[in-house]
Structure formats: C-alpha cells, structure tokens
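Chain by chain, the residues run as shown.
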Amino acid sequence: MNLSSIHKRMLHLKAERNLSFAQIAEEMGRDEVYVAALFYGQAKPTTEELQTLSKSLATTTNYLKEELGEHFFPSRGGLTEMPPKDPTLYRLYEIIEVYGYPIKSVIHERFGDGIMSAVDFSAHVEKVDDPKGDRVRLTLEGKFLPYAKW
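Each chain carries its own residue numbering, running from 1 in the direction its sequence is written. In keeping with the model being predicted, local features are shown solely for residues with a pLDDT of at least 70 and side-chain atom pairs are shown and tallied solely at 80 or more, while totals for entire chains, interfaces and linings include all residues. Excluding hydrogens and water, the side-chain figures rest on all heavy atoms present in the structure.

*Asks:* Now, about the environment of His12: what can you tell me, with residues and values included?
*Replies:* Every helix listed is a DSSP run of H or I at least four residues long, and every strand listed is a run of E at least two residues long, numbered separately from the N terminus. You can see His12 is positioned in helix H1 (residues 5-16). As a C-alpha pair, His12 and Gly112 span 100 residues in sequence and 45 Å in three-dimensional space.

*Asks:* So what about the pairing of strand E1 (residues 114-128)? Which residues, and what values?
*Replies:* The pairing of E1 with strand E2 (residues 135-146) spans 11 bridges and is antiparallel. The residue bridging Ala123 from the neighbouring strand is Leu140, located in E2. The antiparallel hairpin formed by E1 and E2 contains 6 residues in its connecting segment, where Gly133 sits at a positive phi of about 130 degrees. Two strands pair under a simple rule: DSSP has to find at least two bridges between them.

*Asks:* Any chance you could break down the pattern of salt bridges for me, citing the residues and the numbers?
*Replies:* For this document, the term salt bridge refers to a Lys or Arg side-chain nitrogen within 4 Å of an Asp or Glu carboxyl oxygen. On inspection of all chains with the given rule, the structure shows 5 salt bridges. Here Arg91 ties to Glu94 by a salt bridge, and the two come within 3.4 Å at their closest N and O atoms. Of this pair, Arg91 and Glu94 both sit in helix H6 (residues 87-111), separated by 3 residues, roughly a single helical turn. Among the salt bridges present, the one from Lys127 reaches Asp134, with a minimum N-O distance of 3.3 Å.

*Asks:* Hey, could you go over a nonpolar patch on the surface for me, with residue numbers and the actual values?
*Replies:* Side chains of Leu89, Leu92, Ile95, Ile96, Val98, Tyr99, Ile103, Val125, Val136 and Leu138 sit close together on the surface and give an oily, nonpolar patch of about 910 Å² of accessible area. For the nonpolar patch, the elements supplying multiple residues, two or more each, are H6 and E2. With 7 residues, the single largest contributor to the nonpolar patch is H6. Position of Val136 relative to the elements: it lies in strand E2. Throughout, exposure labels follow a simple rule: accessible area from a 1.4 Å probe, protein chains only, divided by the maximum for the residue type, with under 20% read as buried, over 50% as exposed, and the rest as partly exposed. For Val136, a relative accessible area of 65% gives the class exposed. The patches described consist of residues with a relative accessible area above 30% and no salt bridge, like charges being joined within 9 Å and nonpolar side chains (Val, Leu, Ile, Met, Phe, Trp, Tyr) within 5 Å. Using a 1.4 Å probe, the Shrake-Rupley method yields the accessible areas, and only the shown protein chains count as cover for residues.

*Asks:* Please give an account of the side chain of Lys14 that cites residues and values.
*Replies:* Take Lys14: it is sitting in helix H1. When charges are counted, Lys and Arg are positive and Asp and Glu negative, with His and the chain ends excluded. It is Glu32 that comes nearest to the buried, bridge-free Lys14 among opposite-charge side chains, at 9.1 Å. Residue contacts for Lys14: discarding those within four places in its chain leaves Leu19, Ser20, Phe21, Ile24, Phe39 and Leu57. In what follows, residue pairs with any heavy atoms lying within 4.5 Å of each other are defined as contacts.

*Asks:* An account of unusual backbone geometry is needed here, citing residue identities and associated values.
*Replies:* Of note, the bond from Met82 into Pro83 is cis; its omega dihedral lies within 30 degrees of zero at -10 degrees. Along the chain, the position of Pro83 falls in the loop between helix H5 (61-68) and H6. Of note in the backbone geometry, Ala58 takes a positive phi value of approximately 55 degrees without being a glycine. Position of Ala58 among the secondary structure elements: in the loop between helix H4 (47-57) and H5. With a relative accessible area of 55%, Ala58 lands in the exposed category.

*Asks:* Quick one: what's the story with the packing of aromatic side chains, residue by residue and with numbers?
*Replies:* Aromatic pairing here means that ring centres of Phe, Tyr or Trp (its six-membered ring) are within 6.5 Å. Orientation follows from the plane angle: under 30 degrees is stacked, over 60 is edge-to-face, and everything else is tilted. What the rule picks out here adds up to 3 aromatic pairs. With centroids separated by 5.7 Å and ring planes inclined at 45 degrees, the aromatic side chains of Tyr90 and Tyr93 adopt a geometry described as tilted. A residue pair is termed a helical-turn pair when its members lie 3 or 4 positions apart in one helix, as Tyr90 and Tyr93 do in helix H6 at 3 residues. For Tyr93, a relative accessible area of 23% puts it in the partly exposed group. A ring pair is formed by Phe111 and Phe144, whose centres lie 5.0 Å apart and whose planes are at 25 degrees; its orientation type is stacked. Separated by 33 residues along the polypeptide, Phe111 in helix H6 and Phe144 in strand E2 bring together distant segments of the chain. Taking relative accessible area as the criterion, Phe111 reaches 51% and is therefore assigned exposed. Here, a charge over a ring means that NZ of Lys or CZ of Arg falls within 6 Å of the ring centre while also lying within 35 degrees of the ring normal. Of note, Arg30 hangs over the ring of Tyr34, and the distance from its end group to the ring centre comes to 5.4 Å. Residue placement shows Lys44 over the ring face of Phe73; its charged tip is 4.4 Å from the ring centre.

Encoded structure:
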C-alpha cells in the first residue's frame with residue numbers, strides 16, 4: 001500500500017490508543033468510512049477536523065496542519081495495485097467485475113444516461129446479525145449526474 005508518512009503515523013497513533021474509526025467518527029461528528037478515508041489520504045480534512053483528530057490521536061494540531069493543512073490536496077486512488085491482492089479489497093473488485101455492468105444497467109434504466117458521483121457521495125458499513133453467519137451490508141450513495149448535451 002502506498003501511504004504517505006503522515007498517514008502511516010496517524011494509523012500508528014490510532015492503534016497505540018486502541019481507537020476505532022467509529023470512535024473517532026463520533027468525536028468528529030462524521031461517518032466512520034469518511035474518517036477512514038482521512039487516514040488513508042483519500043479525503044481533505046478541514047481545520048476543525050484536524051483539531052479533533054489531534055485530540056483523538058494525542059498529537060499536536062500543528063503537526064497535522066503542517067502535513068494536511070490548507071496546502072494539502074489528496075491524490076485519490078492508487079493505494080494498491082490492480083487487481084488488489086488483499087482479500088477484502090479483491091472481493092470488492094470482484095463485485096464490480098461480476099455485478100458492475102448489471103448495476104450500471106439498472107442505474108441507466110432508473111435514472112437515464114449518466115453516472116453516480118463519487119464526489120457527492122457517502123458510504124456506510126453495517127454488521128447484520130444472521131444465524132447462518134454475520135453479514136456485511138455496504139451502502140454506496142452518490143448523486144446522479146446526467147450527461148450534458150450541447
């Protein structure tokens with residue numbers, strides 16, 4: 001995985017303090033997937049978020065601002081090779097390989113010619129209890145963006 005030194009350090013501090021993304025998210029008033037995206041350099045933190053993160057991670061706000069302040073803009077994607085070797089990431093990749101076109105077709109049937117935004121977007125992970133074994137529920141919600149005509 002291609003992580004910058006600041007993001008590796010943030011993950012180390014999180015582990016040292018035995019924190020979950022959900023705990024940090026609660027302190028920040030954000031979703032745990034968004035908070036995880038901050039830790040992996042896939043989202044741009046606000047000044048207020050950096051202040052909350054510094055308290056959660058017991059580090060200085062200035063340290064985080066130096067690396068992730070106003071001058072920082074994420075280089076999204078590119079954290080892993082494709083196809084991914086990590087089993088969890090591979091299963092997500094496999095889902096897109098198998099169900100990508102069927103999902104795309106249903107989106108077009110329901111919304112028309114366009115795409116689902118990954119900018120105006122949210123993702124949630126839930127644990128669903130099941131007597132046959134716990135289940136993972138992923139919710140991906142993005143604004144529909146119709147293609148423009150000119």
